[in-house]
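Observations on the three-dimensional arrangement
Below are the chains, spelled out letter by letter.
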Amino acid sequence: SSASFSQNYNYSSNWIGHFYHPSTPQSFNGQIGQVMIYGVGLTQDQIRQNYNFTKNNYPNGYDGTINGAAFNPEGSFEFQSNDYLRFPTSAPFNDSNTIKAITAWFKLDTSTSRVFIFNVSSTSNSNDYFYCSVIGDGTPTLGIFTRDGSSSNQSYTSASLTPDTNWHHVVYQNGTSANEIWLDGVKQTVTHSNSGTGANNSWISYPSYAASVVGELGRLRAASPSATHYSDGKISKVKLYDKALTQ
C-alpha cells in the first residue's frame with residue numbers, strides 16, 4: 001500500500017524575535033541585528049564577507065551628527081538642500097588605508113537629481129577630498145572622484161547611468177589595479193580620467209588632506225561646498241569594508 005501527505009501553510013504575519021504558537025507563543029530575550037534574507041544560497045566567500053563586516057564588536061556602526069537630513073521609518077535618510085550627515089574625526093575616516101569598499105542603497109528624488117553617497121575630505125582645504133556619487137543630470141554617471149591639492153592632480157572613475165527614481169544598490173571599491181563600480185549586482189564598464197599623479201586606482205589615500213579629516217554622507221566635501229554639492233534623494237544601509245568584495 002502507499003499513501004501521500006501534503007500540508008499547506010498560510011502565513012499572515014512574520015516575526016523576528018518571536019515564535020508563534022496558538023497556545024504557547026515564545027519570545028526571544030536578547031538582541032538581534034542585521035537580519036538578511038536571500039533568494040539564493042550564499043557562497044563561502046560571501047558568508048565570510050558578511051562575517052568580516054560584523055565581527056569583533058558588533059554592532060560596529062558609527063554614530064554621526066545629523067545636519068538637516070530626515071530619517072524615514074523605512075530605514076533611509078532623506079537629503080535635500082544643505083543636508084548631510086557627518087561622522088567623527090577618527091578612524092577609519094582619518095585612516096585612509098582602512099576603507100576599501102563602500103556599498104549603499106540610493107533613490108533619486110527625480111531622474112535629474114544628484115546623490116553623494118560618501119565623502120572623505122579635509123575640513124579646511126576644498127581641494128583635498130574623495131567622494132562617491134550618483135549624478136542624474138547632465139551626463140548621468142556613477143562616479144568615484146579624488147583630488148590632491150588642485151585639479152592638476154586628480155582621478156575620476158565613472159560609469160554611465162540611466163537615472164530613475166527607483167531604489168538601487170551600488171558598490172564603489174578599490175580593485176587590485178583599478179577602481180570598480182557595481183550597480184544592482186552587475187560590474188559596470190568604467191572610464192578613467194586622470195591628471196598629474198592621479199591613477200586608475202587612486203582612492204581615499206590619494207589626497208594629502210590638510211588639517212582634520214572627516215567622513216560624510218549626503219554631500220561632495222566638507223570645505224566650501226556649493227549648492228550643487230548636496231544630495232536630492234535617499235540613502236540607506238551604507239557599509240564600509242576593509243577589503244574589496246567579490247561577486
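Let me sum up the structure you'll find in this document. (Residues numbered from 1 in each chain as written. Predicted model: local features only at pLDDT ≥ 70, side-chain atom pairs only at ≥ 80, totals over all residues. Heavy atoms only, no water.)

Before going further, it helps to spend a moment on the overall build of the protein chain. A count of helices and strands for the protein chain gives one helix and 17 strands. Within the protein chain, buried positions represent 38% of all 247 residues. Taking as baseline every contact in the protein chain between residues at least 6 positions apart, the subset at least 24 positions apart corresponds to 64%. Only carbon and sulfur atoms are counted for the fraction: they give 47% of the accessible area of the protein chain, which is about 13900 Å². (Helix = DSSP H or I, 4+ residues; strand = E, 2+ residues; numbered from the N terminus. Buried < 20%, exposed > 50% of the residue type's maximum accessible area, 1.4 Å probe, protein only. Contact = heavy atoms within 4.5 Å. Areas by Shrake-Rupley, 256 points an atom, 1.4 Å probe, with all protein chains shown as cover.)

The subject of this paragraph is the pattern of salt bridges. Inspection of the entire model under this criterion finds five salt bridges. Residues R114 and D137 are paired through a salt bridge, measuring 2.9 Å at the closest nitrogen-oxygen approach. In this pair, R114 sits in strand β8 (residues 114-122) while D137 sits in the loop between β9 (128-135) and β10 (141-148), placing the two residues 23 residues apart along the sequence. A residue is classified by how much of its surface remains accessible, and R114, at 26% relative accessible area, is partly exposed. We note a salt bridge from E180 to K187, for which the minimum N-O separation is 3.6 Å. Classification of K187 as partly exposed rests on a relative accessible area of 47%. (Salt bridge = Lys/Arg side-chain N within 4 Å of Asp/Glu carboxyl O.)

This brings us to the pairing of strand β12 (residues 168-174). By the criterion of burial, β12 is predominantly enclosed, with six of the seven residues buried. Two strands pair when backbone bridges link them, and strand β7 (residues 101-108) and β12 are joined in this way by six bridges, in the antiparallel orientation. Residue F106 lies in a different strand from β12, and its bridge partner there is H168. If you look at the hairpin formed by β12 and strand β13 (residues 179-183), you'll find four residues sitting between the two strands. (Pairing = 2+ DSSP bridges.)

Turning our eyes to something else, we now look at the packing of aromatic side chains. Going through the model one piece at a time under the given rule, you end up with eight aromatic pairs. An angle of 65° between the planes, with centres 4.9 Å apart, marks the rings of F130 and W203 as edge-to-face. Pair noted here: F130 is in strand β9 and W203 is in the loop between β15 (191-195) and β16 (213-217), with a separation of 73 residues, a long-range link. You can call W203 buried: its relative accessible area is 2%. The structure contains a cluster of three or more aromatic residues connected by ring pairs, namely F116, Y129, Y131, F145 and Y156. (Phe/Tyr/Trp six-rings, centres within 6.5 Å; stacked < 30°, edge-to-face > 60°.)

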